[in-house]
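Structural features, examined
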Amino acid sequence: LAVLECLGAVESLSMAVPAMEFPMHMQALGSAFMAGLALTVWGGINIVTKLGVFFALVVFYTLFSFYFGLVTSPHHVGDPLQEQWITGLSTETFSNNWASHYDSENNFGTMLALFYPCFTGILSGANRADVLKDPPKNIRQGTFAAICFSFVMYVSLFILWGSVADYRFLQGTTEGIHDEVDLGRVVVANIVWHPFPYSAFIGIIIASLSQSLQCLIVAPRLLQQIARDDILGVLKPLAPLSSRGEPTRALLFTYVVAALLVLIGKLELVAPLLAMCFLVAYAFMNCSCFVLTLLKSPAWRPEWIGQRRWRIWYLFVAALGFGLCIAVMMIINPIWAVVAGFMAVCLYTFINFKMQALKWGSAVDGIRYRFAVKSLMELEARHDQCVNWRPQVLILYKINLTEELGGIKHHEILRFSAQLRKSRGFCVVACVLESDTRDAAAMKMAADQKAIIRGIMDEEGIEGFAEVVVAPSWREGTNYIIQLTGIGGLIPNTVLLDWPECTAQDTQADQIKKDFMEVLQTALAANKAVLAMKGLQSIPTEIVHGTIDIWWMIHDGGFLILLSWLLSQHRIWRSCHLRVFTVAQNVSEARAKGAAELLSRTLRERRLCDVDVEVILLDDALIEPYTYDWTLRVEERHRFLRELNPNAREMHLEPIPLEIDDLFDMEKHEMQSKAGDSPSHSNPVFEDNKHEVKVSDCRTGAEGGRRHRHGGASSSADDAPYVSASDPQPTAAFAADEPEGSPASSGGMKHLLRKASSPFESIEFCQKLGQIINSRSQQAQLVVMNLPDVWGSEDKDVLNYMQYCDTLTQGLERVLFVHSTGREIFDITG
């Protein structure tokens, strides 16, 4: 604006004194004026303040000269020029001038670009808020007064100019007028009142220079404030003040920029550029007001903001102001408008993301916060109705600061989580800082550990959050973490931890296993799935080839398959083939093969994965830890499904069976459907199956084992019924060593537990099952197997449980133990 006013003063000087016109006179005189004004500002704010009264008197005198001349025109009766073109105030002249009379070089946008900067001076008071006595009151009253005064003044001048002379005379298209300087000289000389020669020209020049001086006062101070706040690092050298408290460096920088712009030398080029700058600033200001009002920011406190009708008013006028700014920019010049908008967005992006804008925060952060809170509340309302299950993992991480800072890294569990989630999705890495005190030193250490974990996550490319809890022990800390991690509906649904692998020399082995079991029970009680990884030290970092073997032990079948499929999407595991080993009992080989074919076909039709399926028929005693609570888990699962769809008349068959019962129910349903169809419409059973589907009967029929859960002879008929969890009869325990009629054989596993007799006492059954698993999966890159339910909380039960799982997987390199909650829903369609 200072540049525009300087060039305007030079043009007025050329009108008054034609002898001042010479080649490049606009640039030369403008540079001289700008240097003089900069020296005046450098002299201090006191000099400018003293000149303020003089400038104000000159401005009012100039305005009076214009108004008086317009009202009293024509002044010289008998002057041919005035008699021909200047009519004085006349409604007829106003009517003739009302229509637009643009030529080929000018249009409404050109005129708007030249005129719009005249209105930008109304915010000068707001830019000098530091010297106002009562800034909120003074800025509000001064700004509104300036707007009203400027509006009345400009509108009245437009009306008077349009009523006093013919538009051809005002446009300079009459004889004797060659350019804009001639036009200004003739119009001002013949219409504006001159009590002494050149008085109006002198007033215009002084008024223009005074406005330019005001801009040179405000701009350096505003620039110095921006530099002091370190919003743009490149401006930081401009922050220091002089010994007199003046922004001398900022003034020098402002002068250099202004002096370079003065060299443009044409008002019609400077005005559109200036208008775009102001319009972009006003547009962002309106946008900020709209966002702050919408977010109800406590830092935004205009009067009556607490009342709803006024908030609506603020929103309306802010949106209207933003729209008008964009509209005016497009009217002036669409190309310049797009360029200015793009530059403004780039500047905002640079400040917000590359520099230190976080000290202030951002309106975008407020929008994100508002949407995040709303989304979390909606997620919490739908938390129990999640259909498409996805892993939201809570990683229980143990960090050794000494080794980590020494370069010895133990990031295996984080890498495995990244492979499972492909580094995306909701993830919390939580660590326990064991400390008997919760003082400031412990909290600072926890904050340092959190920062280190955050750095590890960035190093491994894991998106998520880091948390550190101070607690007396790891077991107690993990209890806090499992219960309290998450907010609203964004709560981890899966706990990932390291399987305890203790050596015989480890004196704390029993305690470590007990801690692990308590964490396992806490996670299951909190309705979180559990993933326990055994063999983390050998987690691959390069692409592996081979198989991922899924051992479906009665429960969690669909969950195991989905996790394995998610893992196989990562590049490291992508070359591995999936194999499913399903354990069954009390079923004929024909039905087992039909179920295996159905499972393989179902997974392929769902476009999930191509798998080899082997159904292994076992004696009850070998899998008793997986079957003693069979009925309870199946009933809980079915009750949960009914709660999700209470209007369903019958139980809906799941896309991927979770329980072994579901698989045989699907097979039975398919057989019934085929029986009702004509042969021409029945689908062949896997005639084109290229994947291996087989059944292995590993039942022994020996004295220690039984072919059926409830006794009786084995059946080999193809239509032998499958004994499911819905049977009301009790389940036998590992009762090979118990006589007939003993409490163990008649009361089942729960009765056995009440007598503190663990099923693991019959270790030969576990070893035999382990041999079956080892013979098939010893060369597998990963074995995914579901955990049996915990059968007791006493020390003996805990140690037996851990020994059972270790014995079962002995000789396998990597094992992922899985235990679902029974509330995972997979809506997978083909």
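Calculation criteria
Residues numbered from 1 in each chain as written. Predicted model: local features only at pLDDT ≥ 70, side-chain atom pairs only at ≥ 80, totals over all residues. Heavy atoms only, no water. Axes fitted to C-alpha atoms, helices over the stretch in contact; angles between N-to-C directions. Helix = DSSP H or I, 4+ residues; strand = E, 2+ residues; numbered from the N terminus. Parallel < 35°, antiparallel > 145°, perpendicular 65-115°, else oblique. Contact = heavy atoms within 4.5 Å. Nonpolar A, V, L, I, M, F, W, Y, C, P; charged D, E, K, R; others polar. Buried < 20%, exposed > 50% of the residue type's maximum accessible area, 1.4 Å probe, protein only. pLDDT = per-residue confidence, 0-100. Pairing = 2+ DSSP bridges.

Below, the discussion takes up the packing of helix α6 (residues 108-115) against helix α13 (residues 308-332). Between α6 and α13, whose axes approach to 8 Å, the crossing angle comes to 120°. Taken as axis vectors, α6 and α13 run oblique relative to one another. Contacts between α6 and α13 involve Phe108, Gly109, Leu112 and Ala113 from the former and Val328, Ile331 and Ile332 from the latter. Looking at side-chain class alone, the contact of α6 with α13 contains six nonpolar, one polar and no charged residues.

With respect to the element layout, methionine 111 can be found in helix α6. Among the residues examined, methionine 111 registers a relative accessible area of 32% and is labelled partly exposed. The spatial distance from the C-alpha of methionine 111 to the C-alpha of glutamate 268 is 9.2 Å, given a sequence separation of 157 residues. Methionine 111 has contacts with Tyr102 and Asn106, leaving out every residue within four places of it along the chain.

So, about the confidence of the model for the protein chain. Per-residue confidence for the protein chain averages 77 on the pLDDT scale, and 75% of its residues sit at or above 70. Segment residues 678-689: pLDDT under 50, and 11 contacts once partners within four positions in sequence are set aside and those in other chains are kept. Segment residues 702-757: pLDDT under 50, and 104 contacts once partners within four positions in sequence are set aside and those in other chains are kept.

Attention now goes to the environment of methionine 285. Tracing the backbone shows methionine 285 in helix α12 (residues 267-295). On the basis of relative accessible area, methionine 285 is assigned to the partly exposed category, the value being 42%.

So, about the pairing of strand β8 (residues 611-617). Burial within β8 is extensive, with seven of its seven residues counted as buried. Every second residue of β8 is oriented toward a common face, with Val611, Val613, Val615 and Leu617 on one face and Asp612, Glu614 and Ile616 on the other, all of them buried. Across seven bridges, strand β7 (residues 576-584) lies against β8 in parallel orientation. What sits directly across from alanine 584, in β8, is leucine 617. Bridge count for β8 against strand β9 (residues 693-697) is five bridges, and the pairing is parallel.

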